[in-house]
Amino acid sequence: LTVPAFKPFTMFSQYFGRFSRAAMSSGGVPSMAVRGFTSPVDPSRFISPVSPPEGSPQDKCSYENPLTGRYSSPAMSFNWSPQKKFSTWRRMWLALATAQHELGLGVSAEQVQEMASNLDNVNFAEAAAKEREVRHDVMAHVHAFGEQCPHAKPIIHLGATSCFVGDNTDLIQLRDALGIVRSQTLQVIEALKEVAIEHRALPTLGFTHYQPAQLTTVGKRATLWLQDFLFDYHHVAHWHECMPFRGVKGTTGTQASFLELFDGDHDKVRELDRRVTQLMGFQKSIGVSGQTYTRKIDFLVLSVLSGLAQTANKMATDMRLLMNLKEVEEPFEKKQIGSSAMAYKRNPMRSERICSLSRFVMSLLDNAAHTHANQVLPLLSPPLFSCSCSCSCSCSCSCS
């Protein structure tokens, strides 16, 4: 491009220089006068707004994550929603109070019932206002819950630390998300099984090194994808069924506050941990913890999801190559537009979407590895799945 004889580039450089000088001389708004031509159009119309124009719909004036707005299922989107998160916090407090009542700690049945009657009516505005005052999200929600449960207010969060609700809720959301992934993976397996059976005898050209090789069948090719999904399914199912709970471990994992509440009765503290774990639908809690559950769990779960993404990406890439050879086609809707400029095209839209989302999921594994590796004296690494700030603590930031 630096060769003088390359005239198109030279012309572009000259034009761009005049355009830039015009922009600087007019305070950032380029003149529309080019080689004697003057446009009647107001040039400010072409400048993208930096603040919401008057009359714009408010729900469209804030950033929307396409992973949620375009690609997430309603079930998965709700699973990571504020409503699910904070109503689960309340269920954690209810489980703790229920177990403390059963073990004779002085929590009344009336207090437990009052809490049970206010699980889903989260007063978000009051919690947000309180957090601006106290700069602590958990205590803000303790206060908001207490305003709705005045009789139970003195015993909400009794003996617990922030990670009792924060980390345990992360694990609940992880488990429930894996349940959604497990169900959808099973649907994919079922669909591929049908393809494999239907086309088990349909011959097609096989490839090695993406070069023509011996014949295979369309059904046999589908079983290669199917087998990988089966491997992934068993790993997803394992973590869905065997995800451990953090449980009731206290501020630094010693359960000291609960031992004090129960006058040093170790058996009751162990039963408190077991009972809360059971009430929240888990088979077991982790044997030991610091303040947080070990972030090794985040890495292992993401390893499973990365494996599933690898399988999906491989299948979708094969599909894209086979579409180029016109061996297979993606479904094409009656009114679907393949290309804005070339109406005859049928772009592999679904396969490309699978590949791009899979690549994103696979890239997350490195982040989880660094999170676990830097969980020094396990108080410094915030939960990978819930933290939205750049802090390094896990006890006083706005994301707990």
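Look a little higher up for the structure.
**Let's talk about the overall build of the protein**
Right, so step 1: What the protein contains, in helices and strands, is 13 helices and two strands.
Right, so step 2: Looking at the protein as a whole, 38% of its 400 residues are labelled buried.
Right, so step 3: Put simply, of all contacts in the protein between residues at least 6 apart along the chain, 69% involve residues at least 24 apart.
Right, so step 4: For the protein, the exposed surface amounts to about 23200 Å²; the carbon and sulfur share of it is 59%.

**A word on a nonpolar patch on the surface**
Right, so step 1: Nonpolar side chains collect at one region of the surface, where Leu67, Tyr71 and Phe360 lie side by side and expose about 250 Å² of accessible area between them.
Right, so step 2: Relative to the elements of secondary structure, tyrosine 71 occurs in the loop between α2 (66-69) and α3 (74-79).
Right, so step 3: Exposure remark for tyrosine 71: the relative accessible area of 35% places this residue in the partly exposed category.

**Here we look at the packing of aromatic side chains**
Right, so step 1: Summed over all chains, the structure comprises six aromatic pairs.
Right, so step 2: For the ring pair tryptophan 89 and tryptophan 93, a centre distance of 6.2 Å and an interplane angle of 75° mean the geometry is edge-to-face. Here tryptophan 89 pairs with tryptophan 93, and both are found in helix α4 (residues 82-102), just four residues apart, close to one helical turn.
Right, so step 3: Assessed through its relative accessible area of 1%, tryptophan 93 is described here as buried.

**Some remarks on unusual backbone geometry**
Excluding glycine, residues mostly have negative phi values, and the peptide bonds linking residues are mostly trans.
Right, so step 1: In the Ramachandran plot, histidine 157 falls in the positive-phi region, its phi being about 70° despite a non-glycine side chain.
Right, so step 2: Looking at the secondary structure, you find histidine 157 in the loop between α7 (137-148) and α8 (162-198).
Right, so step 3: Judged by relative accessible area, which is 12%, histidine 157 ranks as buried.

**Focus on the pattern of salt bridges**
Right, so step 1: Under the defined criterion, the tally for this structure stands at 19 salt bridges.
Right, so step 2: Between lysine 249 and aspartate 273 there is a salt bridge, with its nearest N and O atoms 2.9 Å apart. On the criterion of sequence distance, the pair formed by lysine 249 in the loop between α9 (218-242) and α10 (256-261) and aspartate 273 in helix α11 (residues 266-279) is long-range, its members being 24 residues apart.
Right, so step 3: Of the residues examined, lysine 249 reaches a relative accessible area of 4% and is grouped as buried.
Right, so step 4: On the basis of relative accessible area, aspartate 273 is assigned to the buried category, the value being 10%.
Right, so step 5: When the shortest N-O distance is used, the salt bridge between arginine 350 and glutamate 333 registers 3.5 Å. Taken together, the residues span a long stretch of sequence, with arginine 350 in helix α13 (residues 349-373) and glutamate 333 in the loop between α12 (296-324) and α13 at a distance of 17 residues.
Right, so step 6: Exposure remark for arginine 350: the relative accessible area of 28% places this residue in the partly exposed category.
Right, so step 7: Judged by its relative accessible area of 46%, glutamate 333 falls in the partly exposed class.

**Topic: the packing of α8 against α9**
A packed helix pair is summarised by two numbers, namely the angle formed by the two axes and the spacing between the axes.
Right, so step 1: Following both chains from N to C, one finds α8 and α9 inclined at 160°, their axes separated by 9 Å at the closest point. Overall, the two elements α8 and α9 adopt an arrangement that is roughly antiparallel. By crossing handedness, the relation of α8 to α9 is classed as left-handed.
Right, so step 2: Here the residues of the contact of α8 with α9 sort into 17 nonpolar, five polar and four charged.

**Focus on the nonpolar core**
Right, so step 1: With 64 residues, the main nonpolar core has Trp93, Met115, Phe164, Met243, Leu272 and Val276 as its most contacted residues.
Right, so step 2: For this core, the elements supplying multiple residues, two or more each, are α4, α5 (109-116), α7, α8, α9, α10, α11 and α12.
Right, so step 3: No other element matches α8, which puts 12 residues into this core.
Right, so step 4: The contacts of methionine 243, once residues within four sequence positions are left out, are Leu171, Leu174, Arg175, Leu178, His238, Phe282, Lys284, Ile297 and Val301.

**Comments concerning the packing of α8 against α12**
Right, so step 1: Contact pair α8 / α12: the axes reach a minimum separation of 12 Å and the direction vectors enclose 20°. Of the possible angle classes, the one that applies to α8 and α12 is roughly parallel. Remark: the crossing between α8 and α12 carries left-handed chirality. Taking contact as the criterion, the partners of Leu171, Leu174, Leu178, Val181, Thr185 and Leu192 in α8 are, on α12, Ile297, Asp298, Val301, Leu305, Leu308 and Met315.
Right, so step 2: Of the residues that constitute the contact of α8 with α12, the class distribution is 10 nonpolar, one polar and one charged.

**Examining the side chain of threonine 217**
Right, so step 1: In this structure, threonine 217 sits in strand β2 (residues 211-217).
Right, so step 2: There is a polar contact of 3.0 Å between the side chain of threonine 217 and the backbone oxygen of arginine 200.

**Describing the pairing of strand β1 (residues 203-208)**
Right, so step 1: Pairing analysis gives five bridges linking β1 to β2, with the strands arranged antiparallel. In the sheet register, threonine 208 faces β2, and the bridge partner there is glutamine 211.
Right, so step 2: Counted along the chain from β1 to the antiparallel partner β2, the turn is two residues long, and its residue histidine 209 has a positive phi close to 60°.

**Some thoughts on the environment of methionine 92**
Right, so step 1: Tracing the chain through its elements places methionine 92 in helix α4.
Right, so step 2: Using a relative accessible area of 0% as the deciding quantity, one classes methionine 92 as buried.
Right, so step 3: Considered as a pair, methionine 92 and threonine 169 are 77 residues apart in the sequence and their alpha carbons are 7.9 Å apart.
Right, so step 4: With near-sequence residues (within four places) excluded, methionine 92 lies in contact with Phe164, Val165, Asn168, Thr169, Ile172, Phe245, Val276 and Met280.

What counts, and where the lines are drawn
- Residues numbered from 1 in each chain as written.
- Predicted model: local features only at pLDDT ≥ 70, side-chain atom pairs only at ≥ 80, totals over all residues.
- Heavy atoms only, no water.
- Helix = DSSP H or I, 4+ residues; strand = E, 2+ residues; numbered from the N terminus.
- Buried < 20%, exposed > 50% of the residue type's maximum accessible area, 1.4 Å probe, protein only.
- Contact = heavy atoms within 4.5 Å.
- Areas by Shrake-Rupley, 256 points an atom, 1.4 Å probe, with all protein chains shown as cover.
- Patch = residues over 30% accessible without salt bridge, like charges linked within 9 Å, V, L, I, M, F, W, Y side chains within 5 Å.
- Salt bridge = Lys/Arg side-chain N within 4 Å of Asp/Glu carboxyl O.
- Phe/Tyr/Trp six-rings, centres within 6.5 Å; stacked < 30°, edge-to-face > 60°.
- Axes fitted to C-alpha atoms, helices over the stretch in contact; angles between N-to-C directions.
- Parallel < 35°, antiparallel > 145°, perpendicular 65-115°, else oblique.
- Left-handed = near helix turned anticlockwise from the far one by under 90°.
- Nonpolar A, V, L, I, M, F, W, Y, C, P; charged D, E, K, R; others polar.
- Core = buried A, V, L, I, M, F, W, Y, C linked by side-chain atoms within 4.5 Å.
- Polar contact = N/O pair within 3.5 Å; in protein donor to acceptor, adjacent residues only side chain to side chain.
- Pairing = 2+ DSSP bridges.

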